[in-house]
Amino acid sequence: MQGAAGGGGERGGSGRALRSRSSHGPPSFPSADNRAEGGHDKGRLYLVSTPIGNLADITYRAVEILSTVTLIVAEDTRHSRTLLDHHAIKTPSTSYHEHNEARETPRLIAKLLAGQSIALISDAGTPLISDPGSRLVQAAVTAGVPIVPIPGPSALLAALVASGLSADRFTFYGFLPRKGKERTQTLTSIIHSSITSVVYEAANRVKDTLQDLSDSGAPDRQAVVARELTKKFEDIRRGTVTGLAQQIGEELKGEVVIIVEGAPDRDVDEETLRTHLAELRAAGVTTREMVDRLMTAFGVARNVAYRLVHEHSAH
Ligand code: SAM
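Presented here is an overview of the structure given in this document. The structure presented is a predicted model; accordingly, all values stated were derived computationally and were not measured.

Examining the layout of surface pockets
What the largest pocket holds in volume is close to 700 Å³. Elements with a contribution of two residues or more to the lining of the largest pocket: α4 (77-86), β7 (196-202) and β10 (255-260). Element by element, the count of residues in the lining of the largest pocket is highest for α4, at four residues. Looking at side-chain class alone, the lining of the largest pocket contains 15 nonpolar, eleven polar and seven charged residues.

Focus on the site of the ligand
Lining the immediate surroundings of the ligand are 19 residues, of which Asp131, Ser154, Ala155, Tyr200 and Val256 lie closest. At 2.8 Å, a side-chain N or O of Tyr200 approaches an oxygen atom of the ligand. Within the backbone of Val256, a nitrogen or oxygen atom sits 2.5 Å from an oxygen atom of the ligand. Look at the ligand: alone it shows 580 Å² of surface, and the protein chains cover 91% of it. More than half of the atoms belonging to the ligand lie within 2 Å of the grid points that define the largest pocket.

Here's the deal with the packing of helix α11 (residues 270-282) against helix α13 (residues 302-314)
Following both chains from N to C, one finds α11 and α13 inclined at 60°, their axes separated by 10 Å at the closest point. Here α11 is positioned oblique relative to α13, judged by the angle of their axes. Handedness of the α11/α13 crossing: right-handed. Between α11, through Glu270, Leu273, Arg274, Leu277, Ala278 and Arg281, and α13, the contact on the second element is made entirely by Arg307, Leu308, Val309, Glu311, His312 and Ser313. Classifying every residue of the contact of α11 with α13 by side-chain character gives five nonpolar, two polar and five charged.

With respect to unusual backbone geometry
We note that Ala88 has phi near 55°; this positive angle belongs to a residue other than glycine. Among the structural elements, Ala88 can be located in the loop between α4 and β3 (93-95). Owing to a relative accessible area of 51%, Ala88 belongs among the exposed residues under this scheme.

Thoughts on the sheet that holds strand β8 (residues 222-227)
Taken together, the five strands give an open sheet; going across it, the order is β6-β7-β10-β8-β9, and neighbouring strands pair in mixed fashion. Looking at strand neighbours, the two that pair on one side only are β6 (170-175) and β9 (235-240), the edges of this open sheet. Going across the sheet, the axis of each strand differs from the next one's by a mean of 15°, ignoring polarity. In this fold helix α9 (residues 206-215) packs onto β7, β8 and β10, with an angle of close to 10° to the strand it touches most, β10.

Quick notes on the pairing of strand β4 (residues 118-121)
Put simply, side chains in a regular strand alternate between the two faces of the sheet. Of the two faces of β4, both are covered, the one formed by Ile118 and Leu120 as well as the one formed by Ala119 and Ile121. Inspection of the sheet shows strand β1 (residues 45-48) paired to β4 by three bridges, in the parallel sense. Opposite Leu45, over in β4, you have Ile118 as the bridge partner. Where strand β2 (residues 71-74) meets β4, four bridges bridge the pair, whose relative direction is parallel. Bridging across to β4, Leu71 finds its partner in Ile118.

Section: the packing of α11 against helix α12 (residues 287-298)
Across the interface, α11 lies against α12 with an axial gap of 11 Å and an inter-helix angle of 135°. Considering the angle they form, α11 stands oblique to α12. Once α11 is placed against α12, the crossing between them reads as right-handed. Where α11 approaches α12, its residues Leu273, His276, Leu277, Leu280 and Arg281 are matched on the opposing element by Met290, Arg293, Leu294 and Phe298.

Brief notes about the sheet that holds strand β5 (residues 147-150)
Across the sheet, five strands lie side by side as β3-β2-β4-β1-β5; this open sheet has parallel pairing. Unpaired on one side and paired on the other, β3 and β5 mark the two borders of the sheet. Ignoring which end each strand starts from, the neighbouring axes of this sheet average 25° apart. Against the sheet, helix α3 (residues 60-68) contacts β1, β2, β4 and β5, and its axis sits at roughly 135° relative to β5.

A short note on the packing of aromatic side chains
A full pass over the atoms with the stated rule returns two aromatic pairs. With centroids separated by 4.9 Å and ring planes inclined at 70°, the aromatic side chains of Phe172 and Tyr200 adopt a geometry described as edge-to-face. Separated by 28 residues along the polypeptide, Phe172 in strand β6 and Tyr200 in strand β7 bring together distant segments of the chain. Given the relative accessible area of 9%, Tyr200 is considered buried. Cluster of aromatic residues (ring-pair linked, three or more members): Phe172, Phe175 and Tyr200.

Cut-offs applied
- Residues numbered from 1 in each chain as written.
- Predicted model: local features only at pLDDT ≥ 70, side-chain atom pairs only at ≥ 80, totals over all residues.
- Heavy atoms only, no water.
- 1 Å grid on protein atoms, 1.4 Å probe; cavity = no way out; pocket = protein on both sides within 12 Å on 5 of 7 lines; lining within 4 Å.
- Points joined across faces, edges and corners; volume = space filled by probe spheres on them.
- Helix = DSSP H or I, 4+ residues; strand = E, 2+ residues; numbered from the N terminus.
- Nonpolar A, V, L, I, M, F, W, Y, C, P; charged D, E, K, R; others polar.
- Near = heavy atom within 4 Å.
- Polar contact = N/O pair within 3.5 Å; in protein donor to acceptor, adjacent residues only side chain to side chain.
- Areas by Shrake-Rupley, 256 points an atom, 1.4 Å probe, with all protein chains shown as cover.
- Sits in = over half its atoms within 2 Å of the grid points.
- Axes fitted to C-alpha atoms, helices over the stretch in contact; angles between N-to-C directions.
- Parallel < 35°, antiparallel > 145°, perpendicular 65-115°, else oblique.
- Left-handed = near helix turned anticlockwise from the far one by under 90°.
- Contact = heavy atoms within 4.5 Å.
- Buried < 20%, exposed > 50% of the residue type's maximum accessible area, 1.4 Å probe, protein only.
- Pairing = 2+ DSSP bridges.
- Phe/Tyr/Trp six-rings, centres within 6.5 Å; stacked < 30°, edge-to-face > 60°.

As far as function goes, none of this settles anything; it's purely spatial.
Below, the structure written as structure tokens:
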């Protein structure tokens, strides 16, 4: 709990965070201290991760911060009320979502600059991860407001670590584009990637997405469909992309993360890579993206990718 002492919510000296500060000495997280960041007049913006289903999956520090800030900014205040009531958190809340963030951001920044601390939460998991908040964080960075992450659950990490697939390196795609060229490009990128891919998907689209991955050229690739994690009907299915596509019904319900194994190593000669680089350059892809593409699509080592891109750009 010592970490929470650095949280320093400021709704009066009776807050538990302030008590633990005096009883345990100085906070062990200097960056959570306003003075350490040179922002002693400003409030802090806390980015608080909340459960992805099981209400007990919240850290002591998160409860402490949510209990002591001036305001909780929530994606959906009615949804979050269940969590807040469960933990007896009485802090007032206001809504912040894609339809009001442009209007609300300056108002929230003004509060932070006036010395009030605010906690941002989303309906589930970590704010900003396929959820609102990046506009507020960017504005807070610009305004010099201290930003304090309070880490905790996120569906992508829960699914990844339970998948049994490599978690050493992975690409998180969030929600896939629903149709058109962008979807095709993203599916292509997933099936060519040599590292694990993690995708958020609506339950009723899981079957189609697996079928699309199969049709795009990865029918035998190992995949995992992680559904309703941390909840009563948690269900983790493993199999090939095609096998899962056949097994899963159209009427799947709940919340789902799809994980796809990286493509097996391919022996690609440098001439093939140079041809690919020429195509990328013609498509206007940046040098940095070219390096990434060689690494993820062909499993090329970073130093080799840099050399090839550098040689290619020099011509
Ligand atoms: N910010 C959240 C996070 O950190 O995980 C994600 C928010 S995004 C709007 C919601 C998506 O996350 C769902 O459509 C689903 O893909 C995934 N998700 C959330 N909770 C989940 C759960 N309990 N089990 C599986 N997937 C979940």
